[in-house]
Amino acid sequence: MSPDLQHLIDLQNLETAIEEAKRRIAAHPQRVADADTRLAHAKDAVETARQRLKASQEARREQEKEAATYQARLSKFKDQLSAVKTNREYQAMQLEIETAQKELGVAEERVLERMMEADAVAAEIKKGEQALAAQQKEVDAEKKTLVEELTTVEAALKDATASRAALVASLAAPLVALFEQLARARKGLAIAIATREGLCSACHVRLRPQAFQEIRRNDQIIQCPSCNRILYYIPPPPAAEPAVTHA
Ligand SMILES: [Zn+2]
């Protein structure tokens, strides 16, 4: 392969590595924020359940007070029952007692419902706390990995940038100018492969047979007639040769 062509391919690979590293570095804060958001959701779920338990317990205390009031009223009626003189008074008092009994039953039923509700919410809190602990562990590990990745990517960026500068310094100025002009015009991709079918892999134009033959030799700088990118050819590996077929 022509050294110039090989250098430009190397330069393209470095440019691509630099862009990828920059993209990953730029994405880092959002990835950390996403992990924090997941943790915050798990915390919120536990906090919401705790608030519900508190509200349920407060409601239960209110209903216990209510039940105590009915209980007191019922006791008072029962005391009064012994003091009544007439059958009519007795019947009226019996009715009062029945009503108070019913009210007390309803109030006690509500207290029981609240107790059951509190048990269910307490179980939910326990589950939420377990989920939160698991999420915390996961997020801690993820953040550690993200920091390690960032360090690796920053080092790769530094290396690629230094290699790029050294390579550019070693190349003829017009070659670098051509590469940079193409890279600017073609979203960072100045180089493309000519496919085995004779197409530009970037813009898919079909190359004229003679141009394709020249490109296949990889011994000069040839640009795509359509997108202007510099083309090169990768010969198929020997293993890709078709196996012997039995006719
Ligand atoms: Zn092209």
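By convention here, each chain's residues receive numbers from 1 onward along its written sequence. Only residues with pLDDT of at least 70 get local features here, since the model is predicted, and only at 80 or more are side-chain atom pairs given and counted; chain-wide, interface and lining totals rely on the full set of residues. Side-chain metrics in this entry use all non-hydrogen atoms of the structure; hydrogen atoms and water are not considered.

1. Thoughts on the coordination of the zinc ion
Move 1: For the zinc ion, the full set of protein donor atoms is C200 (SG), C203 (SG), C224 (SG) and C227 (SG), at a range of 2.3 Å.
Move 2: Atoms of type N, O and S within 2.8 Å of a metal are treated as its donors, and for Na, K and Ca the window is 3.2 Å; water is not considered, so some sites may appear to be missing partners. In this scheme the shape depends on donor count and angles: four donors with every angle between 85 and 135 degrees give tetrahedral, four or six donors with opposite pairs above 155 degrees and others between 65 and 115 give square planar or octahedral in turn, and any other case is irregular. One can describe the site at the zinc ion as tetrahedral: its 4 donor atoms subtend angles covering 101 to 115° at the metal.
Move 3: Linear spacing of the donor residues for the zinc ion on their chain is C-x2-C-x20-C-x2-C.
Move 4: Here's how the labels work: a residue is buried when its accessible area is under 20% of the maximum for its type, exposed when over 50%, partly exposed in between, all with a 1.4 Å probe on protein chains only. Under the relative-accessibility criterion, C224 is labelled buried at 1%.

2. Focus on the packing of aromatic side chains
Move 1: Planes of paired rings set the category: under 30 degrees apart is stacked, over 60 is edge-to-face and the rest tilted, where pairs are Phe, Tyr or Trp rings (Trp by its six-membered ring) whose centres lie within 6.5 Å. Per the stated rule, a full pass over the model turns up 1 aromatic pair.
Move 2: Judged by centre distance (5.8 Å) and plane angle (85°), the rings of F212 and Y233 are edge-to-face. Of this pair, F212 sits in helix α4 (residues 209-217) while Y233 sits in the segment after β3 (230-232), and the two are 21 residues apart along the sequence. Judged on exposure class, the residue F212 and its partner Y233 are both buried. In DSSP terms, a helix is any run of H or I states spanning at least four residues, a strand is any run of E spanning at least two, and both are numbered starting from the N terminus.

3. As for the nonpolar core
Move 1: Here, nonpolar core refers to any group of buried Ala, Val, Leu, Ile, Met, Phe, Trp, Tyr and Cys residues whose side-chain atoms link them within 4.5 Å. In terms of nonpolar packing, the biggest core is built from 21 residues, with L8, L11, L171, F179, A190, I191 and I230 touching the most fellow members.
Move 2: Those elements giving two or more residues to this core turn out to be α1 (3-81), α2 (87-170), α3 (173-185) and β3.
Move 3: Between two residues, a contact is recorded if the distance between any of their heavy atoms is within 4.5 Å. Residues within four places of L8 in sequence aside, it is in contact with L171, L175, F179, I191, I221 and I230.
Move 4: Listed in part, the 11 residues of the second largest apolar core include C200, L207, C224 and Y233.

4. Looking at the layout of surface pockets
Move 1: Lining residues are defined by having an atom within 4 Å of a point belonging to a cavity or pocket. Those points lie on a 1 Å grid over the protein atoms alone, cavities being sets where a 1.4 Å probe fits but cannot get out and pockets being open sets with protein on both sides within 12 Å along at least five of seven lines. Grid points are joined across faces, edges and corners, and a volume is the space filled by probe spheres set on the points. Put simply, the largest pocket is a space of about 160 Å³.
Move 2: If you trace the largest pocket, you find it lined by Q12, E15, T16, E19, F179, E180, A183, R184, K187, G188 and L189.
Move 3: For the lining of the largest pocket, the secondary structure elements donating two or more residues are α1 and α3.
Move 4: A per-class count over the lining of the largest pocket returns 3 nonpolar, 3 polar and 5 charged. Note on residue classes: Ala, Val, Leu, Ile, Met, Phe, Trp, Tyr, Cys and Pro are nonpolar, Asp, Glu, Lys and Arg are charged, and everything else, Gly too, is polar.

5. Description of the sheet that holds strand β1 (residues 191-193)
Move 1: Two strands qualify as a pair provided that DSSP identifies no fewer than 2 bridges between them. Strand order in this open sheet of 3 strands is β1-β3-β2, and the pairing throughout is mixed. Whereas interior strands pair on both sides, the edge strands pair on one side only; in this sheet they are β1 and β2 (222-223).
Move 2: Pairing analysis gives 2 bridges linking β2 to β3, with the strands arranged antiparallel. When the bridges of β3 are listed, I222 appears paired with L231.
Move 3: For helices, the axis comes from a line fit to the C-alpha atoms of the stretch in contact; other axes are also lines fit to C-alpha atoms, and the angle between any two N-to-C directions lies between 0 and 180 degrees. In the packing of α1 onto the sheet, the strands contacted are β1 and β3, and the crossing angle to β3 comes to about 105°.

6. Some details on the pattern of salt bridges
Move 1: Put simply, a salt bridge is a Lys or Arg side-chain nitrogen that is within 4 Å of an Asp or Glu carboxyl oxygen. Throughout the structure, instances matching the rule amount to 17 salt bridges.
Move 2: The partner of E129 in a salt bridge is R50, and the shortest N-O contact between them spans 2.6 Å. You can see E129 sitting in helix α2 and its partner R50 sitting in helix α1, a full 79 residues away along the chain.
Move 3: The class for R50 is partly exposed, based on a relative accessible area of 39%.
Move 4: Residues E180 and R164 are paired through a salt bridge, measuring 3.2 Å at the closest nitrogen-oxygen approach. One end of the pair, E180, is in helix α3; the other, R164, is in helix α2, with 16 residues separating them in the sequence.
Move 5: Because the salt bridges share partners, they merge into one network encompassing E15, R164 and E180.

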